[in-house]
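# A closer look at the structure
Residues per chain, in single letters:
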Amino acid sequence: MSKLFSSDGKSIILALDAYYFSTKTSGIEKTIQILPRLVENGLNAVITTYGLTKMYESEFSDLGVVLRADLSTNIFKESVPYTTELHSVEDAVRLGADGVVSMTFPGSENEANSHKIAWELAKDADYWSVPFMCETLPYSYHITTTESNRVKKLADAARIGTELGADIIKTRLTGQSQDIEIIEAAKKPVLVLGGPETNDIYGYFNYVKHCMDVGAKGVAVGRKITLNQSPVGVVAALNTIIHKNGTAEEAAEVYKMELERERALKI
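The structure contained in this document is the topic of the report that follows. Here the structure is a predicted model, which is why all the values come from computation and not from measurement.

Another aspect to go through is the sheet that holds strand E10 (residues 218–221). What holds strands together in a sheet is hydrogen bonding between their backbones, with the strands either parallel or antiparallel. Around the barrel, eight strands lie side by side as E1-E2-E3-E6-E7-E8-E9-E10; this closed barrel has parallel pairing. Pairs of neighbouring strands in the sheet enclose a mean axial angle of 25°, with direction left out of account. Relative to E10, strand E9 (residues 190–193) runs parallel, the two being bridged by three bridges. By the bridge assignment, Val192 is partnered in E10 with Val219. Along the sheet, helix H10 (residues 231–242) makes contact with strand E1 (11–15) and E10, crossing E1 at roughly 150°.

Structure follows, in C-alpha cells:
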C-alpha cells in the first residue's frame, strides 16, 4: 500500500486506463510525457493498462502502478454497462505493478459477474500480497438515475466492495454532508473518482476539499487532469488540498499561478 499512498496515508492517482472503456482517450499520451513534472507536484500513482505499462515502463518507474484488470464489453457504449475479466493478479505481478483494480456494479444486470470478477481478484491479490482496489458504483459507471447518486446506494455499494475483499475503495461522492456515510460504510481507504461535470475548476477543487473533509483519502481521476489545459496545475492544486491540507481557494491560486507560468513560457 505504501507504493500507492504517501506517508500521510493519502494519495493522488492519475487514471490512464480509459483505453479499456472508451475511445475518448485524448490527452492521455500527452500527459504521460510530463509525468516527471506531475510527480514533482505530488502525483503518487497511476491506474493503467497492460499495453501502456509495457510501452511506458521508464515513465512509470517513479510511481505506484495499478493495473486495470477488467474492461468494457462494448467500448463504444459510454455508460460501461458490462465488464469482463481480462488480467490476473499474476499478470500484474509479472508486469511489476503494485496493485490491481476492477469495477463492480451493484444493482445492475451485470452485478453477479462484476462481483465474481472482483472476488477472484481479491482472493488472488491476498495470495500475492498485492493491494486490490474495487471501483464500486451502483447500477452503472455514470449517474443514470437519481437512485444511482443517492448517498445510501453509494454507501451500500462501497461496503459491498469491502465485503468482496477490497483493500481500497474507489467511488464517487455526492457533494453532500451525508457523504461521510459512504466513507464510514467502506471501512477502507476511499479514493474519489471524477467529480461534477463543470468547466469551473474552482468548483472541482471545492468538491475535492469537501471529499477530504468528510474522510476520503484522495482522488483517482483521469480526464479532470488529462483534458485540462494545465495537467501540472491541476495536480499541484490537488496536492495543495490533499497532501498540504490547503483550501479550495489556495488550490485555485496554485493552479492559476502554474497556468500563467506555462503560458509565459509557452509550454
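Once the structure has been displayed, the description carries forward.
Here the focus is the state of the cysteines. Under the defined criterion, the tally for this structure stands at zero disulfides. With no disulfide partner, Cys134 has as its closest neighbouring cysteine sulfur the one in Cys211, 18 Å distant. Its relative accessible area of 0% is what places Cys134 among the buried residues.

Turning our eyes to something else, we now look at helix H8 (residues 201–213). Look at H8: 18 Å from first C-alpha to last across 13 residues, which is about the 18 Å you get at 1.5 Å a residue. Residues of H8 that are buried: Tyr204, Phe205, Tyr207, Val208, His210, Cys211 and Met212. Lining the buried residues of H8 we find E9, E10, helix H9 (223–226), H10 and helix H11 (248–265). In this structure Asp200 caps H8, since a side-chain oxygen of it lies 3.1 Å from the backbone nitrogen of Tyr202.

Counting residues in hydrophobic clusters, the biggest one holds 65 residues, and the most contacted among them are Phe60, Phe132, Phe205, Val208 and Leu238. Non-local contacts of Leu238, meaning those with residues more than four positions away in its chain, are made with Ile12, Tyr204, Val208, Val219, Ile225 and His243.

Right, let's talk about the packing of H8 against H11 for a bit. For any two helices packed against each other, one specifies the inter-axial angle together with the distance between the axes. Where H8 contacts H11, the axes come no closer than 9 Å and their chain directions differ by 135°. When the axes of H8 and H11 are compared, the pair comes out oblique. Every pair of crossing elements has a handedness; the one defined by H8 and H11 is right-handed. Between H8, through Ile201, Tyr202, Phe205, Asn206 and Lys209, and H11, the contact on the second element is made entirely by Ala248, Glu249, Ala251, Ala252 and Tyr255.

Reading guide: rules and limits
- Residues numbered from 1 in each chain as written.
- Predicted model: local features only at pLDDT ≥ 70, side-chain atom pairs only at ≥ 80, totals over all residues.
- Heavy atoms only, no water.
- Pairing = 2+ DSSP bridges.
- Helix = DSSP H or I, 4+ residues; strand = E, 2+ residues; numbered from the N terminus.
- Axes fitted to C-alpha atoms, helices over the stretch in contact; angles between N-to-C directions.
- Contact = heavy atoms within 4.5 Å.
- Disulfide = S-S within 2.5 Å.
- Buried < 20%, exposed > 50% of the residue type's maximum accessible area, 1.4 Å probe, protein only.
- Expected span 1.5 Å × (residues − 1).
- Polar contact = N/O pair within 3.5 Å; in protein donor to acceptor, adjacent residues only side chain to side chain.
- Core = buried A, V, L, I, M, F, W, Y, C linked by side-chain atoms within 4.5 Å.
- Parallel < 35°, antiparallel > 145°, perpendicular 65-115°, else oblique.
- Left-handed = near helix turned anticlockwise from the far one by under 90°.

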